[in-house]
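Analysis of the macromolecular model
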Amino acid sequence: MKEIFEKIWKLALPYLKKGKRKDFVVHTKGVIKAMELLLKQEKGDENILIPAAILHDVGWSKVPLNLQMSNDKAGKIKALELHLKYAPLIIKEVLIKCEYNENQIKKIIDIVLAHKFKNPRRLDKRLLIDADTLSDAFRKQFFSDIKAYKTTPEELYNFRKNNQFYTKTAKIIFNKELNERKKEFLRAPN
Ligand SMILES: [Fe+2]
Ligand SMILES: [Fe+2]
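Scope of this entry: the structure provided in the associated data block. (Residues numbered from 1 in each chain as written. Chains lettered and ligands numbered in written order. Predicted model: local features only at pLDDT ≥ 70, side-chain atom pairs only at ≥ 80, totals over all residues.)

A few words now on the environment of G30. Along the polypeptide, G30 turns up in helix 2 (residues 24–41). Residues contacting G30, with those up to four places away along its chain left out, are S135, F138, K140 and Q141. (Helix = DSSP H or I, 4+ residues; strand = E, 2+ residues; numbered from the N terminus. Contact = placed C-beta atoms within 7 Å.)

Shown next as structure tokens:
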């Protein structure tokens, strides 16, 4: 990763560690990797989209624990809303330290705010949503989620296989990865 992205990553880490709904450090690493893969094929500004990937879930750090762990639908939605609500201030703080300008910071915040409850037209916003969903199929992320959600590989596989994507690039990588996960858990069932 570029030096500036490493700096953003280091500043994001303490926030990501405070998210408890799942392992947001592992998750975010997956989203960054997914974004890097997507940007090899899709048009987008990495100086905007990689920071958006790194910072998209920092808002979880301020969501009350009982809401993060909520099992009912209303609680889950509230938690998701709050993780968006708390994101902009943290993102601003981090990016100012990394000498991002106001215009860049605004672009990154807009992209992050569109990663839930929205069906954006713009490709940059779509790429973050795709990267967020694509990361679920990577090995480390898949098996980390099994722990966090106390589920089985089969159940998670059946749930994840319905994931939807905007770009064909994401869909192709996702199918390939998820197929690998299936092979892995069939080979070594828990
Ligand atoms: Fe999120
Ligand atoms: Fe996420």
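More follows now that the structure is in view.
Okay, the packing of helix 10 (residues 153–160) against helix 11 (residues 168–187) next. Between helix 10 and helix 11, the shortest axis-to-axis distance is 10 Å and the interhelical angle comes to 165°. With respect to helix 11, the axis of helix 10 lies roughly antiparallel. Crossing of helix 10 against helix 11: the hand is left-handed. Across the interface between the two elements, P153, E154, Y157 and R160 from helix 10 touch L178, R181, K182 and F185 from helix 11. Residues of the contact of helix 10 with helix 11, tallied by class, amount to four nonpolar, no polar and four charged. (Axes fitted to C-alpha atoms, helices over the stretch in contact; angles between N-to-C directions. Parallel < 35°, antiparallel > 145°, perpendicular 65-115°, else oblique. Left-handed = near helix turned anticlockwise from the far one by under 90°. Nonpolar A, V, L, I, M, F, W, Y, C, P; charged D, E, K, R; others polar.)

Quick look at unusual backbone geometry now. One can expect most non-glycine residues to show negative phi and most peptide bonds to be in trans. Backbone geometry places F117, a non-glycine residue, at a positive phi of 65°. With respect to the element layout, F117 can be found in the loop between helix 7 (102–113) and helix 8 (123–134). Take F117: there are 10 C-beta atoms within 10 Å of it, and that puts it in the exposed class. Look at K150: it is not a glycine, yet its phi comes out positive at around 45°. Position of K150 among the secondary structure elements: in the loop between helix 9 (139–148) and helix 10. In this structure K150 comes out as exposed when scored by C-beta crowding, with 7 C-beta atoms within 10 Å. (Buried ≥ 20, exposed ≤ 12 C-beta atoms within 10 Å, placed from the backbone.)

By themselves, these are just geometric observations and shouldn't be taken as functional.
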